[in-house]
Amino acid sequence: MTTTVIVGAGQAGVQVAASLRQEGYRGRVVLVGDEAEQPYERPPLSKAILLGAATEEQIRLRADGFYAANGIELLTGERVTHVDRVQRRLRLAGGGELGWDHLVLATGARPRVLGLPGTGLAGVLPLHSLGDARVLREQLSDARRIVIVGGGFIGLEFASACADKDVVLLEAADRLMGRAVTQPVSAFFAGAHAARGVRIELSIGATEFVGSSGRVTAVRTTRGALHPADLVLVGAGSLPETQLAERAGLAVRDGVLVDSTLRTSDPQVFAVGDCARFPGAHHTAGGTTIRLESVQNAMDQARHVARQIAAGEVSEFRALPWFWSDQKGLGLRIAGLGQGHTQTHVLGDPDAGAFSVLVFREERLVTVESVNRPGDHAAARRILSSGAIVTLRDVAASGFTLKAAARGGTVSTA
Ligand SMILES: Cc1cc2nc3c(=O)[nH]c(=O)nc-3n(C[C@H](O)[C@H](O)[C@H](O)COP(=O)(O)OP(=O)(O)OC[C@H]3O[C@@H](n4cnc5c(N)ncnc54)[C@H](O)[C@@H]3O)c2cc1C
C-alpha cells in the first residue's frame, strides 16, 4: 500500500485528499495542516464572516465526519518542518515522522508584511486566516475611522464591510485591482466605492503606522498626510509559502516551480494551489510561468494531481483560470487571464452597473471581466475553455452576445 502525504489542509490540500478517494485511490492518505481549526474556506473571511452572514461552521470545507468516513487521516495544528526526499520521510513540529510515496505541497500563501514603522501596533491587521477575521470583526464594531492599505480584492472587500464608518483607502498604484482587471473595471469600482463614502487615494502608499500606548492612532502617507485610524487593514498582497520546499532542495522562484503536470523538480513531489508556479503557455503571451491565488486554481490543480496519483498517469494541466470578488452587492467575475492584452471592448452599460469588458490579445478574446452579468461569465467560460476563437470583428458585429457565441453562433474552433 502506498502513502500520500499532503502538506497544508486548505482549499487545495483538502481537495487532493477528497479527490484521491473519489478517484479510487486505496493507499493511505494523510493530510497535515498547521492551523488549529477544522479546514475552512478563505473567501467568506472577507465577505460573509465579516458581515456576520455566515458562521464558522458554515465555512468548513467538509463536514466533521467526512475525513474519518473517507479514510483520510487529518492532523490539524501540526506543522511539517522538514522533508527528506532521499528517505522519503517528513518531520512534524510535534516530534512525529511520516513516510511517503507521493508528497503534495499545498502550503498556500501568507500576507505580505510591509515592514513599516509601527507594524506591530495593536489594530494594524492582515486578513488571511480565520483568526484574523475573528479579530477584525470584533475590532470593527468599535472602530469609527478605518484606513485600508492596498486597493486589491481583499482591501476592497473589507471596505465593503465597513458601512457607516469613515474609511480611507490608500493604493500605491494609479488604479484599483491593477494586477487583476482592466482600466474600465478599476474605474467602475473606484466610482462605486467612492459613491458609498470610501475616500480612495491612488498613487499613495503608507510610510508609518503611528500609535499611542501600543495601539494605532493614525497612518502617515508618502505625501506626508496623517490619516487618523482606530483600525488599519493591510491588504498588500501575498507571498507564496515556499520555505519547506526550499529547505527540501526543490526549485523555487516566487512559488514552488512545477512542470505542466504539476510535478516539482522531484517527480515524486507535486505542488498545487497558491504556493505553485506553473507554465502558463495556454493563458499568457510569451508562455511565462504563472502563480494564481484563486479557489478555482486550487481545486482544479488538486483534482488533476489526485487523478495522476490514483491512476499512476502523467498528464498536462490545462484548466481555464477564473476568479470572483463580491463588493457591496457588485459581483465581479473574471474568466481567463488578460496579461499583455492589446484591445478591450465593452458590452452593456457601466453607468447602469452591469457590463462586461472583453479583453483581446492579438485580436483574439482571452478574458472576460463581468460586473453583475453572470450569464456573460458563464458563456465566457464555455467559449474560452472550448478553444473557440472570438475576434474583435466578431464582437463588433451587430447583435453579438457572448451567449450566442458560446452556442457556436459567431465563432470558429481552433
Ligand atoms: C480573505 C481572502 C478572501 C479570498 N477571496 C477569494 C475569492 O473571493 N475568490 C477566490 O477565487 N479566491 C479567494 N481567495 C483566495 C483563495 O482563498 C486561495 O487561492 C485558496 O485558499 C488557495 O488554496 P491553497 O490550498 O493553495 O492555500 P490555503 O487555503 O491558504 O491553504 C494552505 C494551508 O497550508 C498550511 N501550511 C503552510 N505551511 C505548512 C506546513 N509547513 N505544515 C502544515 N501546514 C502548512 C497553511 O497554514 C494553510 O492552512 C481569498 C483569500 C483570502 C485570504
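In the block above lies the structure referred to throughout.
These figures come from a predicted structure and were not determined experimentally. (Residues numbered from 1 in each chain as written. Predicted model: local features only at pLDDT ≥ 70, side-chain atom pairs only at ≥ 80, totals over all residues.)

Draft legend 1. Fine view of helix α1 (residues 11-22). An ideal rise of 1.5 Å per residue puts 16 Å on twelve residues; α1 measures up with 16 Å between its terminal C-alpha atoms. Counting buried positions along α1 gives nine out of twelve residues, so the element sits mostly inside the fold. Of the positions making up α1, those classed as buried are Q11, A12, G13, V14, Q15, V16, A17, A18 and L20. Buried residues along α1 sit in contact with β1 (3-7), β2 (28-32), β3 (72-75), β7 (102-105) and α8 (295-311). (Helix = DSSP H or I, 4+ residues; strand = E, 2+ residues; numbered from the N terminus. Expected span 1.5 Å × (residues − 1). Buried ≥ 20, exposed ≤ 12 C-beta atoms within 10 Å, placed from the backbone. Contact = placed C-beta atoms within 7 Å.)

Draft legend 2. Local environment of the site of the ligand. Neighbouring the ligand are 36 residues; G8, G10, A12, G108 and G273 lie closest to it. For the shell around the ligand, the per-class residue count stands at 16 nonpolar, 13 polar and seven charged. (Near = placed C-beta within 6 Å. Nonpolar A, V, L, I, M, F, W, Y, C, P; charged D, E, K, R; others polar.)

Draft legend 3. Local environment of the sheet that holds strand β23 (residues 330-335). On the basis of which strands lie adjacent, the open sheet formed by five strands has the order β22-β23-β26-β25-β24 and antiparallel pairing. With partners counted over all chains shown, the strands left at the sheet margins are β22 (322-327) and β24 (343-349), one partner each. The mean inter-strand angle of the sheet, taken between neighbouring strand axes irrespective of direction, is 15°. Sheet analysis places β24 next to strand β25 (residues 354-361), joined by seven bridges and oriented antiparallel. Pairing of G348 across the sheet is with F355, part of β25. Together, β22, β23, β24, β25 and β26 (364-371) form the strand contacts of helix α6 (residues 183-195), whose direction differs from that of β26 by roughly 10°. (Pairing = 2+ DSSP bridges. Axes fitted to C-alpha atoms, helices over the stretch in contact; angles between N-to-C directions.)

Draft legend 4. Just unusual backbone geometry, in detail. For D164, which is not glycine, the phi dihedral falls at a positive 65°. Mapped onto the secondary structure, D164 falls in the loop between α5 (153-160) and β11 (166-171). Classification of D164 by C-beta neighbours within 10 Å gives exposed; the count is 7. Residue M177 is not a glycine yet carries a positive backbone phi of 50°. Among the secondary structure elements, M177 is positioned in the loop between β11 and α6. We classify M177 as buried; it has 23 C-beta atoms within 10 Å.

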